[in-house]
Amino acid sequence: MSRRVVVTGIGLVSSLGIGTEATWNGLLAGQSGAGPITKFDATAFSTRFAAEVKGFDPLAFIDKKDVKKMDVFIQYAVAAAQFAMDDSRLAITPEIAPRVGVFIASGIGGFTTIEREHRAFLEGGPRRISPFFIPSAIINLASGQVSIRFGAKGPNSATCTACTASAHAIGDAYEIIKRGAADAMIAGGSEAAVCAMGVGGFAAMRALSTRNDEPQRASRPFDKDRDGFVLGEGSGVLILEELEFARRRGAPIYAEMAGYGMSGDAYHMTGQPEDGDGAYRVMRAALESAGVEPDVVDYINAHGTSTPINDPTETLAVKRVFGEHARTLAISSTKSMTGHLLGAAGGLEAGITALAVKHQVLPPTINLDEPGEGCDLDYVPHKPRQAAVRYALSNSFGFGGTNGSLLFKRFED
């Protein structure tokens with residue numbers, strides 16, 4: 001059995017704003033969500049800025065008694081899922097509940113909670129550890145809490161595949177619907193790793209930009225002066241539905257999800273092969289799963305991390321997949337504005353890609369003043385662009401060489 005799958009709801013929480021409209025408007029305005037870290041004292045750190053979610057009030061989405069049971073990454077997931085559910089107008093009744101599932105990912109999970117509870121243990125011993133520590137921190141509780149909140153009794157799972165986690169979650173949810181195991185899935189990812197250990201760990205790897213004097217210009221994918229990624233946080237959740245299921249209830253449709261690819265680099269724990277082989281194969285896999293040729297793709301929301309290795313490697317992979325067509329399609333990295341949400345990046349960027357397909361507008365790559373060596377394609381610099389978009393890819397690559405690519409297409413009845 002193979003069934004058509006459509007996107008009927010999008011929920012985004014990011015450093016650009018709380019809610020899909022706020023995030024989308026920030027992208028089209030070319031805004032950066034980066035700024036000085038406020039969540040802890042970063043004075044002693046080599047990187048002292050991040051793309052934090054600002055003004056988030058969990059009580060707007062979660063009962064007061066339940067807030068303390070959820071790490072911030074779970075709170076973001078619940079908020080994004082609420083936005084997506086409201087957007088899709090999907091009401092989960094007892095009759096359809098077993099056919100509606102949840103698949104929400106995270107790369108790191110409850111890092112803030114782990115850090116806090118470890119501090120409590122060191123200061124006061126094991127009796128100071130909260131009974132909510134484990135269920136607040138573990139990754140699958142984002143899916144668990146969302147399923148509880150909305151009464152979704154279908155397939156319930158979570159992926160933890162580094163920066164590809166939520167792309168895999170959305171792709172796996174798509175496959176679940178295609179094979180008939182569910183009619184709708186609440187799918188995406190969430191991350192909240194802006195804490196001392198999170199920033200300190202990535203800084204120790206020298207993965208982060210150290211442009212502390214101008215954080216809003218620090219994330220500069222494909223630019224010659226890029227020096228690392230900007231750590232972001234937030235959540236991106238999509239409502240995926242089988243087409244006839246969506247039609248019967250008159251659901252709004254943003255785009256059709258047409259393909260999904262996975263690959264492994266089998267190369268290095270954190271680096272990519274210079275020939276971009278894994279990235280090449282994952283894009284090919286997404287196109288092949290949809291049964292389409294490369295020249296139908298008009299836009300790619302790139303992984304585009306603003307690191308010295310990723311950007312030219314991803315560019316090379318695009319050239320291998322698309323040949324001469326690589327010169328005519330458009331690519332942008334919205335991480336230039338949102339920062340890198342780690343395991344939530346694929347969820348946020350899948351939502352952005354579906355919006356680009358719906359509105360026929362390409363979000364820009366900001367801070368791209370002079371392309372770096374090997375970065376010579378059309379990256380939609382500085383300003384958004386009206387464009388005819390038939391098919392669009394969203395790429396995600398993660399530590400351990402784990403890759404995912406999602407293919408969306410303009411919906412045609």
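This text goes with the structure placed above it.
All of the points below concern the structure found in this document. (Residues numbered from 1 in each chain as written. Predicted model: local features only at pLDDT ≥ 70, side-chain atom pairs only at ≥ 80, totals over all residues. Heavy atoms only, no water.)

**Digging into the pattern of salt bridges**
Alright, step 1. Under the definition given, this model contains 26 salt bridges.
Alright, step 2. Measuring nitrogen to oxygen at the nearest pair gives 3.5 Å for the salt bridge that ties Arg-226 to Asp-311. With Arg-226 in the loop between α8 (196-204) and β8 (234-242) and Asp-311 in helix α11 (residues 310-322), this residue pair connects regions lying 85 residues apart in the sequence. (Salt bridge = Lys/Arg side-chain N within 4 Å of Asp/Glu carboxyl O. Helix = DSSP H or I, 4+ residues; strand = E, 2+ residues; numbered from the N terminus.)

**A short note on the pairing of strand β14 (residues 391-398)**
Alright, step 1. Where burial is concerned, most of β14 is hidden: eight out of the eight residues are buried.
Alright, step 2. Of the two faces of β14, the one holding Tyr-391, Leu-393, Asn-395 and Phe-397 and the one holding Ala-392, Ser-394, Ser-396 and Gly-398 are both buried throughout.
Alright, step 3. When strand β10 (residues 297-301) meets β14, the two strands line up parallel, connected through four bridges. In the sheet register, Tyr-299 faces β14, and the bridge partner there is Ala-392.
Alright, step 4. Across eight bridges, the pairing between β14 and strand β15 (residues 402-409) is antiparallel. Note on β15: the bridge partner recorded for Phe-397 is Asn-403.
Alright, step 5. The hairpin turn running from β14 into β15, its antiparallel successor, is three residues long, and Gly-400 in that turn takes a positive phi close to 85 degrees. (Buried < 20%, exposed > 50% of the residue type's maximum accessible area, 1.4 Å probe, protein only. Pairing = 2+ DSSP bridges.)

**Structural notes on helix α10 (residues 277-290)**
Spacing of three or four residues puts side chains on the same side of an α-helix, whose turn is 3.6 residues.
Alright, step 1. Taking 1.5 Å per residue, 14 residues should reach 20 Å; α10 reaches 20 Å between its end C-alpha atoms and fits that length.
Alright, step 2. Considered for burial, the residues of α10 that qualify are Gly-278, Ala-279, Val-282, Met-283, Ala-286 and Leu-287.
Alright, step 3. At its buried positions, α10 is contacted by β9 (255-264), β10, α11, β14 and β15.
Alright, step 4. Of the residues flanking the end of α10, it is Gly-291, one or two places downstream, whose phi is positive at about 70 degrees. (Expected span 1.5 Å × (residues − 1). Contact = heavy atoms within 4.5 Å.)

**Brief notes about unusual backbone geometry**
With the exception of glycine, most residues fall at negative phi, and the peptide bonds are largely trans.
Alright, step 1. The backbone phi angle of Leu-342 is positive, close to 55 degrees, even though this residue is not glycine.
Alright, step 2. The phi dihedral of Gln-360 is positive, around 55 degrees, even though this residue is not glycine.
Alright, step 3. With respect to the helices, strands and loops of the structure, Gln-360 is situated in the loop between α13 (345-359) and β12 (361-362).
Alright, step 4. With relative accessibility at 10%, the residue Gln-360 sits in the buried group.

**Considering the packing of aromatic side chains**
Alright, step 1. On inspection of all chains with the given rule, the structure shows six aromatic pairs.
Alright, step 2. With a centroid separation of 5.0 Å and an interplanar angle of 85 degrees, the aromatic rings of Phe-56 and Tyr-76 are classed as edge-to-face. Remark: Tyr-76 occurs in helix α3 (residues 72-88) and Phe-56 occurs in the loop between β4 (49-50) and α2 (64-67); sequence separation between them is 20 residues. Take Phe-56 and Tyr-76: they sit in the same class, and that class is buried.
Alright, step 3. An aromatic cluster of three or more residues is present, and its members are Phe-56, Phe-61, Tyr-76 and Phe-83.
Alright, step 4. Residue placement shows Arg-320 over the ring face of Tyr-280; its charged tip is 4.0 Å from the ring centre. (Phe/Tyr/Trp six-rings, centres within 6.5 Å; stacked < 30°, edge-to-face > 60°. Lys NZ or Arg CZ within 6 Å of the ring centre and 35° of its normal.)

**Examining a nonpolar patch on the surface**
Alright, step 1. Residues Phe-121, Leu-122 and Ile-129 make up a contiguous nonpolar surface patch of about 270 Å² in total accessible area.
Alright, step 2. Its location among the elements puts Leu-122 in helix α4 (residues 111-124).
Alright, step 3. In this structure Leu-122 comes out as exposed when scored by relative accessible area, which is 60%. (Patch = residues over 30% accessible without salt bridge, like charges linked within 9 Å, V, L, I, M, F, W, Y side chains within 5 Å. Areas by Shrake-Rupley, 256 points an atom, 1.4 Å probe, with all protein chains shown as cover.)

**Focus: helix α7 (residues 165-178)**
Alright, step 1. Counted at 1.5 Å a residue, the expected span for α7 with its 14 residues is 20 Å, and the 20 Å between its end C-alpha atoms agrees.
Alright, step 2. Extensive coverage of α7 is indicated by the burial of twelve of its 14 residues.
Alright, step 3. Those residues of α7 that fall on the buried side of the exposure criterion are Ala-165, Ser-166, Ala-167, His-168, Ala-169, Ile-170, Gly-171, Ala-173, Tyr-174, Ile-176, Ile-177 and Lys-178.
Alright, step 4. Looking at the residues trailing α7, positive phi occurs at Gly-180, about 90 degrees.

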